[in-house]
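Each chain, letter by letter, is given below.
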Amino acid sequence: MPHPSPPRGAAARASHETARLLAFDTSTERMAVALVAPHGAWTADEPGGALASAALLPCVHALLARAGMALADLDAIAFGRGPGAFTGLRTSCAVAQGLAFGLGCPVLPLGSLLIVAEDARIQLAPQDAAFEVDVAMDARMEEVYAGRYRWTEGRWQELAAPALYTLEAFAAMAADGPGAVAGSALAAFGERLGLAPLRARVPTEHERAAALLRLAQAAHAAGEGVDAALALPLYLRDKVALTTREREAVRAARDAAAEAPR
């Protein structure tokens, strides 16, 4: 039976534990979608990449159905803003904007590299221990998207903002880095990253959607929601224009989000 929707507004959401949040990220070859409400949490890690523009909304509606919820029950929508695949970022932002505009709810922009860092923390660090990690994601063209993060006192700090590096530049940046490195660049480039042999390596994420959801809850609790118009991607590599096929895919995702049943 669908769970009854409690009163909406700030007074009805005193903490992130009772917030009803939808979160998704389509910045990589894996699409992560997650949903949380007072009566439970649901996650999905699915194939992404070129499939994301068509698969994202059906996955969202499938999770809502499992939760016995409607889009109108949501308090906020979190999305991965990048860096990552150009078309994937456009899809994520377009769907977040389309849904949030229709619902009149805020959006929570989340760094896509931080999702990798959060997953690595759960894999490597005991409980709530302090943890530092370099995240390096394959950006193709012999380059990586990378950033450095520290978890301490129950929150993340950004030590080095996401940037686009050549392999040589990343090796120089990471030479004095923390004990852990995570991300798809490990499998893509291996020893060409120039990492010290004793550094812990996390080449794959175990539960990307679950990591995404934890970040969404923390962002909502911190009051980081913004207007839907600010659902903008973080681009680190210039791309002048989308192909015709890419434009059609993003437009279709945006239109479907705007027309989705509430």
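Provided above is the structure to which this section pertains.
No experiment lies behind these values; they were computed from the predicted model shown.

## Notes on the sheet that holds strand S1 (residues 21–25)
Reasoning step 1: Judged by pairing direction, the sheet is mixed, and its 5 strands sit side by side in the order S3-S2-S1-S4-S5 without closing on themselves. Edge positions in the open sheet fall to strand S3 (40–47) and strand S5 (107–111), since each of these has one partner strand only. Within this sheet the neighbouring strands show an average axis-to-axis angle of 15 degrees, counted without direction.
Reasoning step 2: Of the pairings in the sheet, the one linking strand S2 (residues 30–37) to S3 comprises 8 bridges and is antiparallel in character. Residue Ala-37 lies in a different strand from S3, and its bridge partner there is Gly-40.
Reasoning step 3: Docked against the sheet, helix H2 (residues 86–103) engages S1, strand S4 (76–82) and S5, running at close to 160 degrees with respect to S4.

## Focus on the packing of helix H1 (residues 52–67) against H2
In a packed pair of helices, the relevant descriptors are the angle between the two axes and the axis-to-axis distance.
Reasoning step 1: Orientation of H1 relative to H2, taken along the N-to-C sense of each, is 35 degrees, at an axis distance of 10 Å. By crossing handedness, the relation of H1 to H2 is classed as right-handed. Across from Ala-52, Ser-53, Leu-56 and Leu-57 in H1, the residues of H2 making contact are Thr-91, Val-95 and Leu-99.
Reasoning step 2: Of the residues assigned to the contact of H1 with H2, the class counts are 5 nonpolar, 2 polar and no charged.

## Focus: the pairing of strand S6 (residues 131–138)
Reasoning step 1: The element S6 is extensively covered by neighbouring structure, given that 6 of its 8 residues are classed as buried.
Reasoning step 2: Note: S6 against strand S7 (residues 143–152), 8 bridges, orientation antiparallel. Residue pairing across strands places Ala-136 opposite Ala-146, the latter belonging to S7.
Reasoning step 3: The turn linking S6 back onto S7 is made up of 4 residues, and Arg-140 within it adopts a positive phi angle of 65 degrees.
Reasoning step 4: Pairing of S6 with strand S9 (residues 180–182) involves 2 bridges; the strand directions are parallel. Paired with Asp-134 across the two strands is Val-181, which belongs to S9.

## A look at the pattern of salt bridges
Reasoning step 1: Scanning all chains against the criterion turns up 12 salt bridges.
Reasoning step 2: For Glu-143, the salt bridge is made with Arg-237, and the minimal N-O distance between the two is 2.4 Å. In this pair, Glu-143 sits in strand S7 while Arg-237 sits in the loop between helix H6 (208–221) and helix H7 (244–259), placing the two residues 94 residues apart along the sequence.
Reasoning step 3: Given a relative accessible area of 22%, Arg-237 falls into the partly exposed group.

## Let's talk about the environment of Ala-100
Reasoning step 1: Considering the arrangement of structural elements, one finds Ala-100 in helix H2.
Reasoning step 2: Residue Ala-100 is classed as buried on the basis of its relative accessible area, which comes to 1%.
Reasoning step 3: Separated by 131 residues in the primary sequence, Ala-100 and Ala-231 place their C-alpha atoms 9.2 Å from one another.

## Examining the packing of helix H3 (residues 112–124) against H6
Reasoning step 1: Axis separation between H3 and H6 bottoms out at 8 Å; the angle between their running directions is 105 degrees. What the angle tells us is that H3 and H6 run roughly perpendicular. For the pair H3 and H6, the contacting residues are Ser-112, Leu-114, Ile-115, Val-116, Glu-118, Asp-119, Arg-121 and Ile-122 in the first and Arg-208, Ala-211, Leu-212, Arg-214 and Leu-215 in the second.

Analysis parameters
- Residues numbered from 1 in each chain as written.
- Predicted model: local features only at pLDDT ≥ 70, side-chain atom pairs only at ≥ 80, totals over all residues.
- Heavy atoms only, no water.
- Pairing = 2+ DSSP bridges.
- Helix = DSSP H or I, 4+ residues; strand = E, 2+ residues; numbered from the N terminus.
- Axes fitted to C-alpha atoms, helices over the stretch in contact; angles between N-to-C directions.
- Contact = heavy atoms within 4.5 Å.
- Left-handed = near helix turned anticlockwise from the far one by under 90°.
- Nonpolar A, V, L, I, M, F, W, Y, C, P; charged D, E, K, R; others polar.
- Buried < 20%, exposed > 50% of the residue type's maximum accessible area, 1.4 Å probe, protein only.
- Salt bridge = Lys/Arg side-chain N within 4 Å of Asp/Glu carboxyl O.
- Parallel < 35°, antiparallel > 145°, perpendicular 65-115°, else oblique.

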